[in-house]
Amino acid sequence: MDYTRLLAIMLGAGIGKVFGSKMHIEAFKQWRLPQWFRVVTGIIELGAAILLIIGFWNNTAAMCLHLRPR
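What you see is a predicted model; the values in this text were computed from it and never measured. (Residues numbered from 1 in each chain as written. Predicted model: local features only at pLDDT ≥ 70, side-chain atom pairs only at ≥ 80, totals over all residues. Heavy atoms only, no water.)

1. Side note on the packing of aromatic side chains
So, step 1. One pass over the structure, following the stated rule, counts three aromatic pairs.
So, step 2. Both rings, one in phenylalanine 28 and one in phenylalanine 37, keep their centres 6.4 Å apart while their planes meet at 55°; by these two values the pair is tilted.
So, step 3. Among the residues examined, phenylalanine 37 registers a relative accessible area of 35% and is labelled partly exposed.
So, step 4. Taken together, the ring pairs in this structure connect Phe28, Trp31, Trp36 and Phe37 into an aromatic cluster. (Phe/Tyr/Trp six-rings, centres within 6.5 Å; stacked < 30°, edge-to-face > 60°. Buried < 20%, exposed > 50% of the residue type's maximum accessible area, 1.4 Å probe, protein only.)

2. As for the side chain of histidine 24
So, step 1. Tracing the sequence through the fold places histidine 24 in helix α2 (residues 22–30).
So, step 2. Not counting residues within four places of it along the chain, the set of residues in contact with histidine 24 comprises Ala13, Gly16, Lys17 and Arg38. (Helix = DSSP H or I, 4+ residues; strand = E, 2+ residues; numbered from the N terminus. Contact = heavy atoms within 4.5 Å.)

3. Quick word on the packing of α2 against helix α3 (residues 35–57)
So, step 1. In the contact formed by α2 and α3, the axes pass within 9 Å of each other and the chain directions differ by 125°. Classified by the angle their axes make, α2 and α3 are oblique. Crossing angle aside, the handedness with which α2 passes α3 is right-handed. Facing His24, Ile25, Phe28 and Lys29 of α2, the residues of α3 in contact are Gln35, Phe37, Arg38 and Thr41. (Axes fitted to C-alpha atoms, helices over the stretch in contact; angles between N-to-C directions. Parallel < 35°, antiparallel > 145°, perpendicular 65-115°, else oblique. Left-handed = near helix turned anticlockwise from the far one by under 90°.)

Set out below in structure tokens:
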């Protein structure tokens with residue numbers, strides 16, 4: 001899996017959780033988790049996606065330089 005797909009998946013899932021897509025609301029109900037935890041999880045996913053974007057543009061900010069495609 002390349003990094004752009006991972007970024008797209010993380011952004012999509014994070015936005016869906018934060019804004020309350022029906023799929024994510026039902027999944028958290030099925031897992032018996034509170035809805036506030038869905039929002040927190042979405043914010044963490046969006047934060048990780050932002051860090052991936054920063055790592056793409058700034059080599060010194062990337063934590064794992066050996067994983068970057070050449």
